[in-house]
Structures are given as structure tokens and as C-alpha cells.
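Residues per chain, in single letters:
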Amino acid sequence: MSNLDEHLQEIIQWHFSPETGTPFWINWAKEAGWDPREKVKTVADLQLFPNFEDDWLRYNQPSIWVPKAFEGRPYSIFETGGTTGMPKQRIGWDDYKHDYEQFSETLNDGDFPRGENWLMIGPTGPRRLRLAIEHLSNVRGGSTYFVDLDPRWVKKVISRGQPEQAKAYMEHVIDQAAMILRHREVSAIFTTPKLLEALSERTSIPGAGVKGVFCGGTEMNPQNVRFVVEEVLEGKVAFKPVYGNTLMGLALSKDMEPEDEYSVCYYPPQPRACLRVIGEDGNEVDYGEWGRVELTTLTKEFFMPRFLERDEAIRSKPWGRYTWDGVAQVRPYRKNQTEVIEGVY
């Protein structure tokens with residue numbers, strides 16, 4: 001039995017047991033007429049579940065997701081998605097800490113020095129990301145400066161055909177970030193590629209003393225990555241792309257090698273989450289082929305089987321310390337979409 005299968009069985013027992021379980025899943029099992037504790041033994045058995053539905057996180061009260069073992073323990077409420085209408089909400093306690101502590105262990109101390117301060121340019125407010133970045137910097141002995149942005153507003157004005165408002169808002173955000181770099185010592189930055197490029201037009205990022213940057217939140221094809229590494233960062237700053245969200249946690253990128261030609265491949269944080277790349281028939285595609293990303297999250301705080309992400313990617317083979325499949329060249333899922341609005345995110 002694989003470590004992933006053992007972990008899966010533990011999580012299924014946890015969420016479907018009356019002693020520790022989650023009200024949503026215990027009720028779901030009753031209505032479905034079968035007990036996952038008896039039937040789900042391997043990752044392949046996850047196919048017994050339907051695809052997890054967005055609306056379960058939009059329209060149910062958060063308390064329905066509290067495992068009985070955590071009853072009475074205050075929780076954080078994190079939002080994800082929702083350019084218009086009700087966003088999805090996930091509750092949590094310590095998952096984000098575990099995710100970013102593991103990420104910290106992969107960082108080179110020369111590129112992301114311990115005991116020095118960070119700058120985050122991105123969504124704070126109800127997003128998990130703000131607490132996660134601050135925890136990461138704290139774990140590494142530093143603190144974080146924050147410049148907030150509201151991606152919902154940016155996407156809304158772009159969809160209304162008001163690009164000048166989006167541009168003005170981006171300039172407002174970059175004004176604040178550039179001011180911090182002028183007046184404070186910062187050795188590492190988290191932001192999106194578009195904001196990073198805009199910041200580099202105001203100031204030299206390596207010239208400001210930044211040694212490492214990690215980016216997430218939008219499509220990064222090989223041309224984008226090459227431009228960031230060679231032009232935006234002037235070939236002098238370490239670049240660490242990541243792929244993650246409130247529902248999954250953080251998928252880390254493999255070290256880029258010359259033969260990769262700036263193609264970024266990410267590996268999920270197994271056994272806490274696993275990804276499949278599937279075709280229209282719901283089956284995994286072959287290595288090297290494109291398909292939609294399907295996410296399963298497996299923690300004691302949150303069980304989410306077979307959620308169809310809004311992304312597509314190339315299925316990639318295991319690599320180095322990652323003995324499971326990865327996803328490469330992640331981009332917005334294009335099928336049945338006439339327009340993909342990314343804004344600054």
C-alpha cells in the first residue's frame with residue numbers, strides 16, 4: 001500500500017466517522033447510501049465520488065464544514081474565486097501553516113535569506129494568501145510588508161470594457177510597492193508576474209536589494225518565464241514560480257534546468273493534495289498531453305474529492321524528490337470560454 005493510500009484511508013475515516021467527522025460529509029454519505037469508510041481504500045476509489053461542486057462552498061454555512069473533532073475551536077474563513085456573485089469560502093485552522101512551512105524547507109537561504117523582510121503585492125483581506133506569506137516570512141525569521149489589491153474589482157472593470165480604470169488601479173498599487181522598496185530593506189517579494197513586470201518599470205528589482213522572488217496567480221508560459229528571469233529580474237534574482245490556491249495549498253515548481261527551456265512544472269503537496277490531468281472522458285491523459293486539472297484535497301481540516309479546477313495543464317512525469325505526477329504550463333481552461341479575464345492576477 002502506498003503512503004498516499006494510507007493517508008487517504010486516514011482522512012476518509014476522519015471525515016466520515018461520527019466521532020471526528022464533518023457534518024457535510026456525514027450527511028452526504030447518508031443521502032448517497034454508501035459508506036466511504038468501507039469502500040474507499042486506494043486513490044483509484046476516489047472515482048466513486050462525484051466531482052466536488054463549487055456551490056457547496058458558496059451557499060452552505062461554514063459551520064457545516066467543521067469536523068466534530070474541531071467543534072468549539074474558532075476558525076478562519078478564506079475566500080477564493082468569485083469575480084462576481086458569492087465567492088467560494090473555505091474554513092481553516094493550521095493547513096496554511098503546514099503548507100508554507102514545507103515550502104520554506106525547499107528555499108535556498110542565499111536566495112531567500114533568513115532573518116530578512118519580505119514584500120507581498122497581492123490580495124489580502126479575506127484571502128488565505130496574506131496569512132500564509134506572513135507565516136512564511138515569520139518562519140524564516142523575518143516580517144512582511146503588504147500592498148493590497150482587489151482582483152475582483154480589476155476583473156470587473158476589465159469585463160465592463162474599462163481598461164483605463166484597471167490601469168489606474170495597477171499604477172496605484174505599484175506606487176505603494178515602489179515606495180516601500182525605496183524606504184525599506186526588502187530581500188524577497190511575492191507577487192504576480194504582471195505586477196512584478198510593472199514594478200520593474202519603476203525600479204531595478206535587484207538594485208533595490210531583492211534576492212529572491214516567488215510568483216503565482218496567473219499563466220506563466222515559457223516566453224513569460226524567460227522574460228521575467230532575463231529582463232524583469234535582470235538575471236540577478238532567484239525566481240521561484242508556484243501554483244496554488246485556497247483549496248489546494250501550494251504546488252512547488254521543480255528546479256528549472258537548461259533542457260526545460262523555461263517550461264515550469266509543478267508538483268502538488270502529496271499526500272495533503274493530489275492532482276490529475278484528465279481528458280473529456282474523465283480519464284487521465286498520457287504524459288505530455290494537455291488536459292483539465294482535477295484536484296483532491298486530503299487534510300483533517302478539509303476533504304475535497306475530484307474538484308475540477310479552472311485550469312488546464314500538461315501531465316508531467318515524476319521528478320527528483322517528487323515521486324508523483326506533476327502539471328506543466330498551467331493556463332486557464334479554454335474549452336467553452338470565449339474570453340479569459342486575468343487582470344493583474
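Refer to the structure above for everything that follows.
Residues numbered from 1 in each chain as written. Predicted model: local features only at pLDDT ≥ 70, side-chain atom pairs only at ≥ 80, totals over all residues. Heavy atoms only, no water.

**Section: the sheet that holds strand β8 (residues 249-253)**
In space, the eleven strands of this open sheet follow the order β4-β3-β5-β6-β7-β8-β9-β13-β12-β11-β10, with mixed pairing throughout. Since the sheet does not close on itself, it has two edges, and those belong to β4 (144-148) and β10 (273-278), each with one partner. Between one strand axis and the next, the sheet turns through 35° on average, direction left out of account. Of the pairings in the sheet, the one linking β8 to strand β9 (residues 265-267) comprises two bridges and is antiparallel in character. Counted as the bridge partner of L252 is Y267 from β9. Sheet strands in contact with helix α9 (residues 193-200) are β3 (118-122), β5 (188-191) and β6 (212-215), and its direction is about 130° off that of β5. (Pairing = 2+ DSSP bridges. Helix = DSSP H or I, 4+ residues; strand = E, 2+ residues; numbered from the N terminus. Axes fitted to C-alpha atoms, helices over the stretch in contact; angles between N-to-C directions. Contact = heavy atoms within 4.5 Å.)

**With respect to the pairing of strand β12 (residues 303-316)**
Taken residue by residue, a regular strand's side chains alternate between the two faces of the sheet. Extensive coverage of β12 is indicated by the burial of twelve of its 14 residues. As paired elements, strand β11 (residues 290-298) and β12 share seven bridges and run antiparallel to each other. When the sheet's bridge partners are listed, R292 is paired in β12 with E312. Taking the residues between adjacent antiparallel strands as the criterion, β11 and β12 are bridged by four residues. Of the pairings in the sheet, the one linking β12 to strand β13 (residues 326-332) comprises five bridges and is antiparallel in character. Pairing of S316 across the sheet is with G326, part of β13. (Buried < 20%, exposed > 50% of the residue type's maximum accessible area, 1.4 Å probe, protein only.)

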